[in-house]
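Observations on the three-dimensional arrangement
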Amino acid sequence: MSRRQLLKVEGLSLRFGGLQVLDDLSLTVREGRIVGLIGPNGAGKTSCFNCLTGIYRPQGGRVFFDGKDVSHLPTHRRARRGIARTWQNLGVIDALTVTENVMLAQHQRAGYSALAGMLGLAGTWHRERELRRDAAEIIEYFGLEDVADERAGELPYGVRKTCDMAMALATDPKMLMLDEPASGLSPEEALALGTTLRELRDRLRLTILMIEHHVPLVADVCDYVYVLNFGRLLTEGEPEAIQRHPEVIAAYLGGAAEPGAGSDGGTVPVAAADGPPDWPLVPEGPHSDGRPDGTA
Ligand SMILES: Nc1ncnc2c1ncn2[C@@H]1O[C@H](COP(=O)(O)OP(=O)(O)OP(=O)(O)O)[C@@H](O)[C@H]1O
Ligand SMILES: [Mg+2]
């Protein structure tokens, strides 16, 4: 039986001056699925997220969420409808503790401002206590209880990323959008992340749309994958098919045609005797925006 469409994007087009960042992009995310959005650096993946969350205003196209047209809603109203995201460059506030960060995120659904909560204004006290209890549960779920009272800025990068995800979950979303959740993580942390994502899908029935360069993670957790190249949809399908798609392989080699990207500088990688071909979708070194290198 086909699942309900939670997110439907129709003909999204985004331009900055002469640069066509997204070009007639359409995609669908069905409820309870983990969907990957992949593509070479600069393909338009983060811009797509920014359009879906209302940060960028595309020149064309429509976004439907949970059966409603949200194309003209501002970011906070889309968030209230159940869209949550993490950031490529982390959304945690370094000066706040892990608990404070999670509680700050919760105020999106608290019905009053974070400041009113902190000042203990009339009517907020009881709710604030509930939020603190929920925050403690989320923190425990993500294994952050030992660092709950530490300032986020003093924690290792992988832990701050986990905190970022806990914050997104604290808004009680229907759909979680993750922008490169595995970048900067150790292989062990990336493996644990895969387990967490599957658990969020299987136990909490969460729908996840995920940008990711880390191929083992994409292949491991995604039910379906969209591939972007130069703002256009190159192809879509199940991870196994995508992994072997010649145009996908070519697009990645084209984007990474530099030393180390491929031993022969651009031919399609051959399949190993006992497994799938080496997927060339590997981060190409430190990113232009300063975030750490990936681990693939
Ligand atoms: N606010 C903006 N103003 C001008 N150009 C922008 C803006 N945001 C994005 N772009 C351009 O849009 C293109 C796509 O960028 P985007 O960050 O969406 O790519 P990406 O697929 O997320 O890449 P990466 O894998 O490196 O994160 C790039 O050429 C980028 O410079
Ligand atoms: Mg990006």
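What you see is a predicted model, and the numbers here were worked out from it, not measured in a lab. (Residues numbered from 1 in each chain as written. Chains lettered and ligands numbered in written order. Predicted model: local features only at pLDDT ≥ 70, side-chain atom pairs only at ≥ 80, totals over all residues.)

Some words on the overall build of the protein
- The helix and strand tally for the protein stands at 10 helices and 10 strands.
- For the protein, the proportion of its 296 residues judged to be buried stands at 39%. (Helix = DSSP H or I, 4+ residues; strand = E, 2+ residues; numbered from the N terminus. Buried ≥ 20, exposed ≤ 12 C-beta atoms within 10 Å, placed from the backbone.)

Details of the nonpolar core
- With 71 residues, the main nonpolar core has V102, A166, L176, M177 and L209 as its most contacted residues.
- Element by element, the count of residues in this core is highest for helix α6 (residues 157–169), at seven residues.
- Not counting residues within four places of it along the chain, the set of residues in contact with A166 comprises V102, I138, I139, F142 and L144. (Core = buried A, V, L, I, M, F, W, Y, C linked by C-beta atoms within 7 Å. Contact = placed C-beta atoms within 7 Å.)

Digging into the sheet that holds strand β3 (residues 34–38)
- Read across the open sheet, the six strands follow the order β6-β7-β8-β3-β9-β10; overall the sheet is mixed. The open sheet has two edge strands, β6 (83–85) and β10 (232–237), and neither has a second partner. Shown here is a sheet whose adjacent strand axes are inclined to one another by a mean of 20°, direction ignored.
- Of the strand pairs in this sheet, β3 and strand β8 (residues 207–211) are connected by four bridges, and their pairing is parallel. Bridge pairing in β8 places V35 opposite L209. (Pairing = 2+ DSSP bridges. Axes fitted to C-alpha atoms, helices over the stretch in contact; angles between N-to-C directions.)

Concerning the site of ligand 1
- Near ligand 1, the surroundings consist of 13 residues, among which F16, N41, K45, T46 and S47 are the closest.
- Counting only elements with at least two residues in the shell around ligand 1, the list comes to β2 (19–30) and α1 (45–52).
- Tallying contributions element by element places α1 first for the shell around ligand 1, with three residues.
- Class assignment for the residues of the shell around ligand 1 results in four nonpolar, eight polar and one charged. (Near = placed C-beta within 6 Å. Nonpolar A, V, L, I, M, F, W, Y, C, P; charged D, E, K, R; others polar.)

Things to note about unusual backbone geometry
- You will see that D66, though not glycine, has its phi angle at about 55°, which is positive.
- Inspection of the secondary structure assignment puts D66 in the loop between β4 (60–65) and β5 (68–69).
- In this structure, F230 is a non-glycine residue whose phi angle is positive, near 50°.
- Relative to the assigned elements, F230 resides in the loop between β9 (224–229) and β10.
- Residue F230 is classed as partly exposed on the basis of its C-beta count, with 16 C-beta atoms lying within 10 Å.

Details of the pairing of β10
- Sheet topology places β9 next to β10; five bridges connect them, and they run antiparallel. Bridge pairing links L228 to L233 in β10.
- Here β9 folds back onto β10, and the loop between the two strands holds two residues, one of which, F230, carries a positive phi near 50°.

Some words on the environment of A182
- Looking at the secondary structure, you find A182 in the loop between β7 (175–179) and α7 (187–204).
- By C-beta crowding, A182 is classed as buried, having 28 other C-beta atoms within 10 Å.

Side note on the sheet that holds β4
- Pairing in this open sheet of four strands is antiparallel, and the strands run β2-β1-β4-β5 from one edge to the other. Two strands bound the open sheet, and with one partner strand each, they are β2 and β5.

A look at the packing of helix α3 (residues 98–106) against α6
- Viewed as axis vectors pointing N to C, α3 and α6 meet at an angle of 30°, and their least axial separation amounts to 8 Å. In terms of orientation, α3 lies roughly parallel with respect to α6. Note that α3 runs across α6; the crossing there is right-handed. Contacts from V98, N101, V102 and A105 of α3 reach α6 at C163, A166 and M167.
- Grouping the amino acids of the contact of α3 with α6 by side-chain chemistry returns six nonpolar, one polar and no charged. (Parallel < 35°, antiparallel > 145°, perpendicular 65-115°, else oblique. Left-handed = near helix turned anticlockwise from the far one by under 90°.)

Things to note about the confidence of the model for the protein
- Confidence in the prediction of the protein, expressed as mean pLDDT, is 82, and 78% of residues score 70 or more.
- Counting interchain partners and residues more than four positions distant, the pLDDT-below-50 stretch residues 255–296 has 71 contacts. (pLDDT = per-residue confidence, 0-100.)

Digging into the pairing of strand β1 (residues 5–16)
- Bridge count between β1 and β2: eight bridges; the pairing is antiparallel. In the sheet register, Q5 faces β2, and the bridge partner there is R30.
- Hairpin geometry of β1 and β2 is characterised by an intervening segment of two residues between the two adjacent antiparallel strands and by a positive phi of about 55° at G17.
- With five bridges joining them, β1 and β4 adopt antiparallel strand pairing. Paired with E10 across the two strands is R62, which belongs to β4.

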